[in-house]
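Architecture at a glance
The residues making up each chain are set out below.
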Amino acid sequence: MRATGVLRIVVLLFTIAATWLFASTYFSNTGMKSINVKKWLRTYIEPTKTPTIQNKCHSRRLCPEHTFTFRIASGAANVVGPSICFDDIVLMSNVKNNVGRGLNIVLINGTTGKPIGIDSFDMYSGDVKNLLAFLKPIKKGTLALIASYDDVATKLNDEARNLLADLGSIHAFHLAFRDSWIFLGGKGLKNKSPFEQYLKNSKETNKYDGWPEVLEMEGCVPKKLE
Ligand SMILES: *[C@@H]1O[C@H](CO)[C@@H](O)[C@H](O)[C@H]1NC(C)=O
């Protein structure tokens, strides 16, 4: 009982810190006035109004005003596809039949929250040119949500890794064969995104035979106000 209480507080603090970090890097050079910290904390700490309300994206918590709820899950081995939910809409999943081996990417207008691009890129036998053509035109203020499925790295070259790093990824540079990776970043961030998880494919620690465990992440990403 006590241990779960502590864990819940740790998780809560982590969520607040991640959203806050993202906000501070996202807004740093837009000239926007700083956000009222007290107000933000209050929206996190106040309990959900009624427990019957279904949080967006089946998230365990209610995201505060001026944020979008998201949830990203990587694929499971080469069997179950990844899923990406943003602002309560599942944009990519097995059920939607729009996921594929490699990198699964959703681009979102960070102001309106509307999807502006959804695609998957086969990084095992596909052509990296398609990925480059998708990533290069991304404009400032665009959010990118990415989930791995099976293999994300065989065809990934330095140019593509640099474009992913430009979106705020730390792990883009060492993604390797069959690693698990989920990420939310954006064009125009000043620092690295706090929303990133990575698991190395390694015989000793893999959950499945040839693949690491599924990764899942949910959070609240600040709206970009203009
Ligand atoms: C987001 O949408 C708004 C309103 O349509 C538009 O003015 C803005 O340029 C868009 N931003 C991006 C990054 O697409």
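Throughout what follows, the structure given in this document is the object of discussion. Please read all numbers here as calculations on a predicted model, not as lab measurements.

1. Some points on the sheet that holds strand β6 (residues 142–149)
Picture the strands of a sheet paired through backbone hydrogen bonds; they go either parallel or antiparallel. An order of β5-β4-β6-β7-β8 is seen for the five strands of this open sheet, with the pairing classed as antiparallel. One side of each edge strand has no neighbouring strand; the edge strands of this open sheet are β5 (115–121) and β8 (196–199). Neighbour-to-neighbour, the strand axes of this sheet turn through a mean angle of 10°, independent of strand direction. Lying on the sheet, helix α3 (residues 128–135) is in contact with β4 (102–109) and β5; it crosses β5 at an angle near 165°.

2. A word on the sheet that holds strand β1 (residues 67–73)
In space, the four strands of this open sheet follow the order β3-β2-β1-β9, with antiparallel pairing throughout. The open sheet is flanked by β3 (89–92) and β9 (216–222), the only strands paired with a single partner. Each adjacent strand pair in this sheet contributes to an overall mean axis angle of 20°, direction not counted. Note: β1 against strand β2 (residues 83–86), four bridges, orientation antiparallel. In the strand pairing of β2, Arg71 is matched with Cys85.

3. Things to note about the pairing of β2
Inspection of the sheet shows β2 paired to β3 by three bridges, in the antiparallel sense. Paired with Cys85 across the strands is Val90, a residue of β3. Linkage of β2 to β3, two consecutive antiparallel strands, is achieved through a turn of two residues, within which Asp87 is found at a positive phi near 50°.

4. Quick notes on the pattern of salt bridges
Opposite charge on two side chains lets them pair, provided their charged atoms get close. Within the structure shown, the criterion is met by seven salt bridges. A salt bridge links Lys56 to Asp87, with the nearest nitrogen and oxygen atoms 3.1 Å apart. Remark: Asp87 occurs in the loop between β2 and β3 and Lys56 occurs in the loop between α2 (37–45) and β1; sequence separation between them is 31 residues. Relative accessible area serves as the criterion here: at 25%, Asp87 is assigned to the partly exposed category. Across the salt bridge formed by Lys136 and Glu159, the nearest N and O atoms sit 3.2 Å from each other. Taken together, the residues Lys136 in the loop between α3 and β6 and Glu159 in helix α4 (residues 158–166) connect sequence positions 23 residues apart. On the accessibility criterion, Glu159 (38% relative accessible area) is partly exposed.

5. Quick notes on the site of the ligand
Contacts to the ligand come from Asn109, Thr112, Lys140, Gly141 and Thr142. One of the side-chain N or O atoms of Asn109 is found 2.2 Å from an oxygen atom in the ligand. Classifying every residue of the shell around the ligand by side-chain character gives no nonpolar, four polar and one charged.

6. Looking at the packing of aromatic side chains
Following the criterion strictly, the structure yields six aromatic pairs and no others. With a centroid separation of 5.1 Å and an interplanar angle of 75°, the aromatic rings of Phe70 and Phe195 are classed as edge-to-face. One end of the pair, Phe70, is in strand β1; the other, Phe195, is in the loop between β7 (180–186) and β8, and 125 residues separate them in sequence. There is no split in this pair, since Phe70 and Phe195 are both buried. Geometrically, the ring pair formed by Tyr124 and Phe177 is tilted, given 6.5 Å between the ring centres and 40° between the ring planes. On the criterion of sequence distance, the pair formed by Tyr124 in the loop between β5 and α3 and Phe177 in the loop between α4 and β7 is long-range, its members being 53 residues apart. Classification of Tyr124 by relative accessible area gives partly exposed; the value is 42%. Put simply, the rings of Phe22, Phe70 and Phe195 touch in pairs and so form one group of aromatic residues.

7. Quick notes on the side chain of Arg161
One can find Arg161 in helix α4. For the buried Arg161, which has no salt bridge, the nearest side chain bearing the opposite charge is Asp158, at an N-O separation of 4.6 Å. Reaching out from Arg161, the side chain makes a polar contact with the backbone oxygen of Phe173 at a distance of 3.4 Å. Each residue touching Arg161, except ones within four places of it in the same chain, is listed here: Ala153, Leu156, Ala172, Phe173, His174 and Leu175.

Reading the values: rules and limits
- Every chain's residues receive numbers from 1 upward, in the order its sequence appears when written.
- In keeping with the model being predicted, local features are shown solely for residues with a pLDDT of at least 70 and side-chain atom pairs are shown and tallied solely at 80 or more, while totals for entire chains, interfaces and linings include all residues.
- With hydrogens and water set aside, each side-chain value is computed from the structure's full complement of heavy atoms.
- If DSSP finds at least two bridges between two strands, the strands pair.
- To qualify as a helix, a DSSP run of H or I must reach at least 4 residues; to qualify as a strand, a run of E must reach at least 2; elements of each kind are numbered from the N terminus.
- Axes, fitted as lines to C-alpha atoms, cover a helix only where it is in contact. Angles between the N-to-C directions of the axes lie from 0 to 180 degrees.
- Only heavy atoms matter for contacts: two residues are in contact if any of them lie within 4.5 Å across the pair.
- When a carboxyl oxygen of Asp or Glu lies within 4 Å of a side-chain nitrogen of Lys or Arg, that pair is called a salt bridge.
- A 1.4 Å probe rolled over the protein chains alone gives each residue an accessible area, and that area as a share of the maximum for its type sets the label: buried under 20%, exposed over 50%, partly exposed in between.
- Proximity is defined per residue: if any heavy atom of the residue lies within 4 Å of a molecule or strand, that residue is considered near it.
- Two N or O atoms form a polar contact when they lie within 3.5 Å of each other; inside protein one atom must be a possible hydrogen donor and the other a possible acceptor, and for residues adjacent in sequence the pair counts only when both atoms belong to side chains.
- Gly is put with the polar residues, along with every residue not named as nonpolar or charged; the nonpolar set is Ala, Val, Leu, Ile, Met, Phe, Trp, Tyr, Cys and Pro, and the charged set is Asp, Glu, Lys and Arg.
- Between the rings of Phe, Tyr and Trp (Trp by its six-membered ring), a pair exists once the centres lie within 6.5 Å; its type follows the angle of the planes, with under 30 degrees stacked, over 60 edge-to-face, and the other angles tilted.
- Positive: Lys, Arg. Negative: Asp, Glu. His and the chain ends are not part of the count.

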